[in-house]
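Residue-level structural notes
So the chains spell out like this:
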Amino acid sequence: MADLDLPPGPPRADPTGRPRASGPTAVPIRPDLVSLDGYHSPQVDVEVRLNTNESPLPPPDSWLAALQDELGRIEFNRYPDRQASELRQALARSHGVRPEQVFCANGSNEVLQCLLLAYGGPGRTVALFEPTYTLHRHIAMITATSVVAGTRTDDFQIDPDEVARVVADSQPIITFLCSPNNPTGRADPPETVERVVADTSGLVVVDEAYGQFAPSSALDLVRSAGPGSERVVVVRTFSKTWSMAAGRLGYLVGSPEVVAACELVTLPYHLDAVKQAAGRLALQFEDAMQARVAVLREERGRIAAALTEMKVETWPSDANFILFRPTDRSARRVWQSLLDRSILVRDCSEWPGLTGCLRVTVGLPEENDRFLAALDAALEGPLEESRI
Ligand code: PMP
């Protein structure tokens, strides 16, 4: 199991025995893909799953009832609305933009992939600032786009001077921000995003998968129609606050030109009718969603306080997860000790810039209690000789 939670980085022999995409007997895949690993957040059967930042709460029962009702009206023998018109209208209304500014796909990862298919590719470069969401780099690589990585400050914030340096050197077609940043937790203040927009002539893609937890959003910039605002793209998902990770629905809000570019690279009818209805109906339950966000924010505060009490190093979070470093302990052993108690968190301890760090998703109060008790127990044990 330990082998499944692989850090991003160069290839390694696969001890799980999982077939690799290429080998001596296989027809060779694209040479630039050979060194890539897929996405390996383990899906292990545990009692407390706090490793992938999903909502611990299901969507409201009334949403499910409305969706069941809607299923009876879908003409399953027909292709779905290729434009996803009603869903886009509903999203546009909820964000105060025009439907032509909204593009939907099967999860925000697919939205990111469409952006990279449309704007990336051979001979083009994107910039990102690590540590950040590993799929930005990964999707760039599978679309044969070059990646230039800048760094963050010691407390994982975006440093506008570093951004200016990186974009001046590499002239990226896309600069990725992630606000709140996964896995470190902080949101970028509006001034930072504005400064990045001013410093680059490419797109600025702000991944706001956890946007509803944050104090500000780059959506304000898109709506502002200010200088450079047409190059700002905000990416959001139904997987987190909307409690619909199983439904795979994400979207972007940006200029109509960006939407048209993404439409060029999608397959026909890529968004099925059930998903379109599920997303449109979910938006009618905004209050229930906000109530879930409020509960999780409160729990986040409780976990952060408890971690501080335990003298565990943590970083402030504007999202539904907390990055922490079990000081004086091997993070890997703490991770294993939690797993032995059927609690799964994300092991980031070997990711660049995150030595010794773990990330815990905010769960239900009873799940968080179990996590805190198990962590306390793991930290009580004798210190190991080798520390990460
Ligand atoms: N962006 C960020 C920052 C994420 O953390 C995630 C989920 N891990 C995604 C995008 C992808 O979400 P989805 O494809 O489920 O919409």
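Reference entry: report on the structure contained in this document. Since the model is a prediction, treat every value here as computed from it, not as a measurement.

With that settled, consider the environment of Pro326. Examined against the element boundaries, Pro326 turns out to sit in the loop between strand 10 (321–325) and helix 11 (331–340). The spacing of Pro326 and Tyr210 is 116 residues in sequence and 24 Å in space, taken between C-alpha atoms. In this view, Pro326 contacts Val312, Ala331, Val334, Gly356, Leu358 and Leu379; residues no more than four positions away in its chain are not counted.

Our next topic: the pattern of salt bridges. Under the criterion given, the structure shown has 20 salt bridges. In this structure, Arg195 and Asp199 form a salt bridge, with 3.4 Å as the shortest nitrogen-oxygen distance. Taken together, the positions of Arg195 and Asp199, both in helix 6 (residues 190–199) and 4 residues apart, correspond to about one turn of that helix. For Arg195, a relative accessible area of 34% translates into the label partly exposed. What makes Asp199 partly exposed here is its relative accessible area of 32%. Arg332 is the partner of Asp347 in a salt bridge, and the nearest nitrogen-oxygen pair spans 2.1 Å.

Moving on: the site of the ligand. In the vicinity of the ligand lie 13 residues, with Ser108, Tyr210, Thr237, Ser239 and Arg248 positioned nearest. Ser239 places a polar side-chain atom, nitrogen or oxygen, 2.6 Å from an oxygen atom of the ligand. One nitrogen or oxygen atom from the side chain of Arg248 is found 2.7 Å from an oxygen atom belonging to the ligand. A total of 400 Å² of accessible area belongs to the ligand in isolation, and the protein chains cover 94% of it. Partitioning the shell around the ligand into residue classes produces 4 nonpolar, 6 polar and 3 charged.

A complete count under the given rule lists 6 aromatic pairs for this structure. With a centroid separation of 5.8 Å and 65° between ring planes, the pair formed by Phe324 and Phe371 is classed as edge-to-face. Highlighted residues: Phe324 in strand 10 and Phe371 in helix 12 (residues 365–380), separated in sequence by 47 residues. Every member of this aromatic cluster is reached through a ring pair, and the members are Phe238, Trp242 and Tyr251. A cation over a ring is seen here: Arg82 above Tyr269, with NZ or CZ 5.5 Å from the ring centre. The ring of Trp335 carries the charged tip of Arg332 above its face, separated from the ring centre by 4.2 Å.

This part takes up the sheet that holds strand 7 (residues 232–237). If you trace the 7 strands from one edge of the open sheet to the other, you get 2-8-7-6-5-3-4, paired in mixed fashion. The strands lining the two open edges of the sheet, one partner per strand, are strand 2 (102–105) and strand 4 (146–151). Ignoring strand direction, the axes of neighbouring strands in this sheet form an average angle of 25°. Sheet topology note: the strand 7/strand 8 (residues 250–253) ladder contains 4 bridges and is antiparallel. Residue pairing in the sheet places Val234 in a bridge with Val253 of strand 8. Against the sheet, helix 2 (residues 85–95) contacts strand 2, strand 7 and strand 8, and its axis sits at roughly 125° relative to strand 2. Taken strand by strand, helix 3 (residues 108–119) contacts strand 2, strand 3 (125–130), strand 5 (174–178), strand 6 (203–207), strand 7 and strand 8, and its axis lies near 150° from that of strand 7.

On to the nonpolar core, then. Formed by 76 residues in total, the largest nonpolar core has its most connected members in Phe238, Leu307, Val345, Phe371 and Leu375. Beyond its immediate chain neighbours, meaning those up to four positions away, Phe371 contacts Leu50, Ile303, Leu307, Phe324, Leu338, Ile343, Val345 and Val360. Phe103, Leu115, Ile139 and Val147 belong to the second-largest nonpolar core, a separate cluster that totals 27 residues.

Quick look at the sheet that holds strand 12 (residues 358–361) now. Ordered in space as 1-11-12-10-9, the 5 strands form an open sheet in which the pairing is mixed. Among the strands making up the open sheet, the edge pair consists of strand 1 (48–50) and strand 9 (313–314). Inspection of the sheet shows strand 10 paired to strand 12 by 4 bridges, in the antiparallel sense. What sits directly across from Leu323, in strand 12, is Arg359. Helix 11 rests against strand 11 (343–347) and strand 12 of the sheet, and its axis sits at about 155° to strand 11.

A few words on helix 5 (residues 160–170). Listed as buried for helix 5 are Glu162, Val163, Val166, Val167 and Ser170. The buried side chains of helix 5 occupy one side of the element, clustering within an arc of 120° when seen end-on. Against the buried residues of helix 5 lie strand 3, strand 4, strand 5 and helix 6. Where helix 5 begins, the capping side chain belongs to Asp159, and its oxygen is found 3.0 Å from the backbone nitrogen of Asp161. Taken from the residues just after helix 5, Gln171 is the one with a positive phi, measuring 45°.

Following Glu130, the chain continues to Pro131 via a peptide bond in cis, the omega torsion being 0°. Summarising the element assignment, Pro131 is placed in the loop between strand 3 and helix 4 (134–142). Cis rather than trans, the peptide bond between Asn182 and Pro183 has omega equal to 15°. Examined against the element boundaries, Pro183 turns out to sit in the loop between strand 5 and helix 6. Its identity as a non-glycine residue notwithstanding, Ala144 has a phi of 60°, on the positive side. With respect to the helices, strands and loops of the structure, Ala144 is situated in the loop between helix 4 and strand 4. The backbone of Ala225 shows a phi angle near 60°, a positive value even though the residue is not glycine. In this fold, Ala225 is placed in the loop between helix 7 (219–224) and strand 7.

Parameters at a glance
Residues numbered from 1 in each chain as written. Predicted model: local features only at pLDDT ≥ 70, side-chain atom pairs only at ≥ 80, totals over all residues. Heavy atoms only, no water. Helix = DSSP H or I, 4+ residues; strand = E, 2+ residues; numbered from the N terminus. Contact = heavy atoms within 4.5 Å. Salt bridge = Lys/Arg side-chain N within 4 Å of Asp/Glu carboxyl O. Buried < 20%, exposed > 50% of the residue type's maximum accessible area, 1.4 Å probe, protein only. Near = heavy atom within 4 Å. Polar contact = N/O pair within 3.5 Å; in protein donor to acceptor, adjacent residues only side chain to side chain. Areas by Shrake-Rupley, 256 points an atom, 1.4 Å probe, with all protein chains shown as cover. Nonpolar A, V, L, I, M, F, W, Y, C, P; charged D, E, K, R; others polar. Phe/Tyr/Trp six-rings, centres within 6.5 Å; stacked < 30°, edge-to-face > 60°. Lys NZ or Arg CZ within 6 Å of the ring centre and 35° of its normal. Pairing = 2+ DSSP bridges. Axes fitted to C-alpha atoms, helices over the stretch in contact; angles between N-to-C directions. Core = buried A, V, L, I, M, F, W, Y, C linked by side-chain atoms within 4.5 Å. Arc of directions from axis to C-beta.

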